[in-house]
Amino acid sequence: MNYEINEKRETGRISPMIYGHFIEHFHRQIYGGIFDPESPLSDEDGFRTDIIEAMREIRVPVLRWPGGCFVSSYHWRDGVGQQRQPSFDKAWRVEDPNTFGTDEFVKLCRKIGCEPYICTNAGTGTAEEMSDWVEYCNLEREGKYAKMRIANGFQSPHRVKYWSIGNENYGAWEIGAKSADEWGRLTAESAKMMKHVDPDIELSAAALADINWNVNLLHSCGQYLDWISIHQYWDMMPEVHDPADYDACMAYTADIGRTVDEVRGILTAMRLEKRIKIAFDEWNLRSWHHPNVHTVRQGRTREDYILPRDKNDDNSTYTMADAVFAACFLNSMIKNCDIVGMANFAPILNTRGCIYSYGGGIVRRSTYYVFELFAKHMTGNAVDVWTDGGSETMEVRAKNGRTQSVAVIDVAAASHDGKLSISLVNKHRTKSKTVTLRVPGVRGRAVMYTVNGKSADSYNDVGRDEIKITERVVGDVDGAVTVTADAHSVNVITIER
Ligand code: AHR
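Everything numeric here is computed off the predicted structure, so don't read it as measured data. (Residues numbered from 1 in each chain as written. Predicted model: local features only at pLDDT ≥ 70, side-chain atom pairs only at ≥ 80, totals over all residues. Heavy atoms only, no water.)

1. Points about the site of the ligand
Then, in step 1: Contacts to the ligand come from Glu 24, Gly 68, Cys 69, Trp 92, Asn 167, Glu 168, Tyr 233, Glu 282, Trp 288 and His 290.
Then, in step 2: Glu 282 is positioned with one of its side-chain polar atoms (N or O) 2.6 Å from an oxygen atom of the ligand.
Then, in step 3: Within the side chain of His 290, an N or O atom sits 2.7 Å from an oxygen atom of the ligand.
Then, in step 4: The residue inventory of the shell around the ligand, partitioned by class, reads four nonpolar, three polar and three charged. (Near = heavy atom within 4 Å. Polar contact = N/O pair within 3.5 Å; in protein donor to acceptor, adjacent residues only side chain to side chain. Nonpolar A, V, L, I, M, F, W, Y, C, P; charged D, E, K, R; others polar.)

Below you can see the structure in the form of structure tokens.
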């Protein structure tokens, strides 16, 4: 199989924020996750230092918080100040102690070295509450909320640049769900007030691949927006925890680019594609498992709707299928980097995250290593990649039992300061593939980094490190390089002059 990479044909600037992440007040992401004051592994602020270090190693560029469904009945003022009262989280039906709020979140982001990205409550919240939150975070001292922040010990503004209005308010499961018309009006008034407080914020609003919803939103609020937010999970398991097997996960890779294509089409039709970027600010191969909550009949016992959430913590779920899918997703974002400016893995920690934490430490799940490679090497400008022979396909059995034809190999390329990086994914469960990468005019030393385990079903767990990154010097390259990509592997080949 041959692929042509034309380093001179740049297709867009890759924003580092496509390697972004999300963390929600759900299960053990915040409390008992990153925020665990009682843990001997936590610092003076109650943050797990081993988790922060792992986040720094994958160069987290932006972290979205506090939700997700949680946010649609969250009131930010409950989470600031000296006297925090617990709230009942009506989304996930648990008590939130409110000991982790805005100030803690911003402090955490400064320790990670990432941009904070706040998603506001457009479910039960109001335009005023959202803009008051911007006052609290970003005004020097004008008005009561900036003065409140100062009284809480933060003299300087938090300078939160990224904000979004609402979560998935289009969905019946969301508290405070809205019609398309209601959404257009609420977002316009909220955006207006938020930008009146701080015209320098970059603002997004919840959207999806739906023409009616997006046209209403963009007609009413487009003049205020810098981003439009979309979410997608493929292996849907909210009610029944039945993870798709490797081949079924590969079937999902055929669908990765569809949502971006559809939203790009709407933006283009409305002549907004040069001004508004896509924030894919929740994505994961696997949906979260939380039965009997996104339903009319609510669970009544802990066994009904609380304890099943622990099934998200089963590390054997997160195999090379998750790593291969994540690499294909990031390749797609790279190829669409002219319009996708941010993507947030949902979530970063526990649940379906790339990091799993427990009392004694952390587990780097398979997807962690994909972020480690991509955030470090797949940077700069995306460059054109094509195959002259037609890419090999394979037939895989999708979760619905149907046969799906998918490309075996997935390739993207990036050029940065004289370094050419090529991400090469072999989705085949059992067969390695030899690929020739033609790079006309490129000479240099090639190194191949590979994320893999012994089998497609390998996974990492406490005391089990099956999946890791291996490094191999390929040798000197002059115009082309031939490599063998092992079965079910994620590879990045770097060529440095
Ligand atoms: O399953 C978790 C939920 O997925 C997030 O809270 C929400 O944004 C999305 O529906």
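Moving on, there is more to tell.
2. Considerations on the side chain of Ser 332
Then, in step 1: By the element assignment, Ser 332 lies in helix H10 (residues 320-335).
Then, in step 2: Those residues within four positions of Ser 332 in sequence are excluded, and the remaining contacts are Ile 256 and Gly 257. (Helix = DSSP H or I, 4+ residues; strand = E, 2+ residues; numbered from the N terminus. Contact = heavy atoms within 4.5 Å.)

3. Considerations on the state of the cysteines
Then, in step 1: Applying the stated criterion to the full structure yields zero disulfides.
Then, in step 2: Residue Cys 354 stays outside any disulfide, its sulfur separated by 13 Å from that of Cys 114, the closest cysteine. (Disulfide = S-S within 2.5 Å.)

4. Regarding the sheet that holds strand S9 (residues 227-235)
Then, in step 1: Strand order across the open sheet formed by eight strands is S8-S7-S6-S3-S2-S11-S10-S9, with parallel pairing between neighbours. The two strands at the open ends of the sheet, each matched to only one other strand, are strand S8 (202-205) and S9. Across the sheet, the axes of successive neighbouring strands diverge by a mean angle of 25°, strand direction being ignored.
Then, in step 2: In the sheet, strand S6 (residues 115-120) pairs with strand S7 (residues 162-165) via four bridges, with the strands oriented parallel. Its bridge partner being in S7, Ile 118 is matched across the sheet by Trp 163.
Then, in step 3: The strands touched by helix H5 (residues 180-197) within the sheet are S6, S7 and S8, with S7 carrying the most contacts at an inclination of about 150°.
Then, in step 4: Contacting S9, strand S10 (277-286) and strand S11 (340-345), H10 crosses the sheet at an angle of about 165° to S10. (Pairing = 2+ DSSP bridges. Axes fitted to C-alpha atoms, helices over the stretch in contact; angles between N-to-C directions.)

5. A look at the packing of helix H1 (residues 49-57) against helix H2 (residues 102-112)
Then, in step 1: With their axes 9 Å apart at the nearest point, H1 and H2 run at an angle of 55° to one another. Judged by the angle between their axes, H1 and H2 are oblique. Contacts from Ile 52, Met 55 and Arg 56 of H1 reach H2 at Leu 108, Lys 111 and Ile 112.
Then, in step 2: Its residues assigned to classes, the contact of H1 with H2 comprises four nonpolar, no polar and two charged. (Parallel < 35°, antiparallel > 145°, perpendicular 65-115°, else oblique.)

6. Some remarks on the packing of helix H3 (residues 127-138) against helix H4 (residues 143-151)
Then, in step 1: The interhelical angle for the contact between H3 and H4, taken along N-to-C directions, is 45°, at an axis separation of 7 Å. Taken together, the axes of H3 and H4 are oblique relative to one another. Every pair of crossing elements has a handedness; the one defined by H3 and H4 is right-handed. Where H3 approaches H4, its residues Asp 132, Glu 135, Tyr 136, Cys 137 and Asn 138 are matched on the opposing element by Tyr 145, Ala 146, Met 148 and Arg 149. (Left-handed = near helix turned anticlockwise from the far one by under 90°.)

7. A short note on the pattern of salt bridges
Then, in step 1: Tallied over the full model, the rule gives 32 salt bridges.
Then, in step 2: Taking the shortest distance from any N to any O, the salt bridge between Arg 364 and Glu 57 comes out at 3.1 Å. Residue Arg 364 is found in strand S13 (residues 361-364), and its partner Glu 57 is found in helix H1; the two are separated by 307 residues along the sequence.
Then, in step 3: Given the relative accessible area of 25%, Arg 364 is considered partly exposed.
Then, in step 4: Linking Asp 478 and Arg 443 is a salt bridge whose minimum nitrogen-to-oxygen distance equals 3.7 Å. Within this pair, whereas Asp 478 is found in strand S22 (residues 468-485), its partner Arg 443 is found in strand S19 (residues 433-452), the two being separated by 35 residues in sequence.
Then, in step 5: Residues participating in the shared-partner salt-bridge network are Asp 43, Glu 44, Asp 45, Lys 107 and Lys 111. (Salt bridge = Lys/Arg side-chain N within 4 Å of Asp/Glu carboxyl O. Buried < 20%, exposed > 50% of the residue type's maximum accessible area, 1.4 Å probe, protein only.)

8. A few points about the nonpolar core
As a rule of thumb, nonpolar side chains are buried together in soluble globular proteins.
Then, in step 1: The biggest cluster of nonpolar side chains holds 156 residues, and the ones touching the most others in it are Tyr 19, Ile 34, Trp 163, Trp 283, Phe 329, Phe 374 and Ile 495.
Then, in step 2: Per element, the largest residue contribution to this core is twelve residues, and it comes from H10.
Then, in step 3: There are two domains that each give this core at least three residues, and those are domain 1 (15-381) and domain 2 (382-496).
Then, in step 4: In this structure Phe 329 touches Trp 234, Ile 256, Phe 280, Trp 283 and Ala 343, once residues within four positions along its chain are discounted. (Core = buried A, V, L, I, M, F, W, Y, C linked by side-chain atoms within 4.5 Å. Domains from an automatic or database assignment.)

Function-wise, these values are silent; they only describe arrangement.
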